[in-house]
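Structural characterization, general
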Amino acid sequence: MYAQMVKSEATKDDPEQLAAFQARIDAGEKIEPKDWMPEGYRKTLIRQVGQHAHSEIVGQLPEGNWITRAPTLERKANLLAKVQDEAGHGLYLYCAAETLGVSRDEMTQMLLDGRMKYSSIFNYPTLTWADMGAVGWLVDGAAIMNQVPLQRTSYGPYARAMVRVCKEESFHQRQGFHIMMAMVKGTAEQKRMAQDALNRFWYPALMMFGPSDKDSVHSSQSMAWKIKMNTNDELRQKFVDETVPQAEYLGLTIPDEDLTWNEENGQYDFTEPDWNEFFDVISGNGPCNVDRLSARQKAWDDGAWVRDAMNAHAEKKAARKLAAE
Amino acid sequence: MSKEWPLWEVFIRGQHGMSHRHVGSLHAADAEHAVKNARDVYTRRNEGVSIWVIEAEKITASSPSEKGPMYDPARDKVYRHPTFYDIPDEVGKM
């Protein structure tokens, strides 16, 4: 998902302490920043929450691309509100990660030099306005599927951040679907654009849940610690089952010839995405990896004087206040 | 790398007469800046009518290891709750 391929870190802690910690988690207690926690739990969470935060921030870029070109003022206001929410979600999550003992600047640096990742989905381009529909509908739809259970995750600050995110996020998916509804009711060309957007985003959206369970070696520890609540395949299946009828409603075709309803187990059988493409994109070779990171690097560099000026101003004001006392 | 803006904790009072409630944290250069950021980050949907901010390092918190001595003494004092006192039904609502 937003935390694809997060490796659970090994832990070398005292077995008794580890068992007591696991018992707290099994009893449904929340772990809070000052509580004892295994080093592996702390490190895995920093990676996971940090990657989640980076995804929210980098995720603003493909949509920001269309703000000035939205077809109506209302659509523009909607999209602007959504992108502003993503910034907020990134901030909630960065703060949650910071309670684990990593600084905001360290996380930013790790994103910029490639030590931390963000979701593979944001390395695909948004070529037409219909992509804004597909991104809201599919990408936010997939994100919600992962984030709703994370509201029950064992780490208190992460769970609380997810509660806020989920409360705000459902408008994102609905505004995307709303765009798709308008496109499919439009001209033949507009409907074709909607279908094209679905064609391009379907498999990348399926990849958001991460590799198949049989290839996902890091899941079991994270699930025991309740920082991952469902397996990748469970969530992917749920996403397909919910999305197919929505595509039917729109009169669009899921780009999968083998998609069939399986009467026996009451779910859809579908084609797995191309995992080679996934590993290629996540290791830096997607269509937009270079653009996304250079946009973040530019924002960081261009903002440096603002960050410094704000500090200098605050120090000067504090000194003046002290002198007046 | 230049110095990070300090961390602030944000408290918001909603519209229904409740007290201020902790909603999260953010970075800002000073208090005024923190209030502005809090408005953008935590009140995008009419969540509040009043914002408090305080620098995180100025907060003193109880320690989780003192949970026992801090809170256990309250546990056996059930007589602090109204249900401890049995009042006969014929007395009526009390």
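Below you will find a few notes about this structure. These numbers come from a predicted model, not from an experiment.

Procedures and definitions
- Residues numbered from 1 in each chain as written.
- Chains lettered and ligands numbered in written order.
- Predicted model: local features only at pLDDT ≥ 70, side-chain atom pairs only at ≥ 80, totals over all residues.
- Heavy atoms only, no water.
- Axes fitted to C-alpha atoms, helices over the stretch in contact; angles between N-to-C directions.
- Helix = DSSP H or I, 4+ residues; strand = E, 2+ residues; numbered from the N terminus.
- Left-handed = near helix turned anticlockwise from the far one by under 90°.
- Contact = heavy atoms within 4.5 Å.
- Nonpolar A, V, L, I, M, F, W, Y, C, P; charged D, E, K, R; others polar.
- Pairing = 2+ DSSP bridges.
- Buried area = accessible area lost by both parts, 1.4 Å probe.
- Salt bridge = Lys/Arg side-chain N within 4 Å of Asp/Glu carboxyl O.
- Polar contact = N/O pair within 3.5 Å; in protein donor to acceptor, adjacent residues only side chain to side chain.

**Section: the packing of helix α6 (residues 129-150) of chain A against helix α10 (residues 232-250) of chain A**
All names here are of chain A.
- Relative to each other, α6 and α10 sit at 145°, their axes nearing to 10 Å. Judged by the sense of rotation from one axis to the other, the crossing of α6 with α10 is right-handed. Judged by residue contacts, W137, L138, G141, A142, M145 and N146 of α6 engage L235, K238, F239, E242, T243, Q246, A247 and L250 from α10.
- Taken together, the residues of the contact of α6 with α10 sort by class into eight nonpolar, four polar and two charged.

**A closer look at the pairing of strand β1 (residues 7-13) of chain B**
All names here are of chain B.
- Direction of pairing for β1 relative to strand β2 (residues 21-27): antiparallel, over a ladder of six bridges. Across the sheet, the residue bridging to V10 is G24, located in β2.
- As defined by bridge partners, β1 adjoins strand β3 (residues 50-55) across six bridges and the pair is classed as antiparallel. Of the residues in β3, the one forming a bridge with I12 is I51.

**Digging into the interface of chain B and chain A**
- Contact residues are listed per partner, giving 23 residues for chain B and 28 residues for chain A.
- Contact between chain B and chain A buries roughly 2,100 Å² in total, counting both sides, with carbon and sulfur atoms accounting for 48%.
- Where chain B meets chain A, there are seven salt bridges.
- With its nearest N and O atoms 3.7 Å apart, the salt bridge here joins R45 of chain B to E168 of chain A.
- Counting across the interface, chain B meets chain A through 13 residue pairs in polar contact (both at pLDDT 80 or more).
- Among the elements of the structure, β2 and α1 (31-42) of chain B are those that each provide at least two residues to the side of chain B that touches chain A.
- Residues belonging to the side of chain B that touches chain A are distributed by class as follows: ten nonpolar, five polar and eight charged.

**Some points on the sheet that holds β2 of chain B**
Residues and elements named next belong to chain B.
- Across the sheet, which stays open at both edges, the three strands sit in the order β2-β1-β3 with antiparallel pairing between neighbours. Each edge of the sheet is formed by a strand with only one pairing partner; in this case those strands are β2 and β3. Mean inter-strand twist for the sheet, computed between neighbouring axes without regard to direction, equals 30°.
- Along the sheet, α1 makes contact with β1, β2 and β3, crossing β2 at roughly 115°.

No statement about biological role is implied by the geometric values presented.
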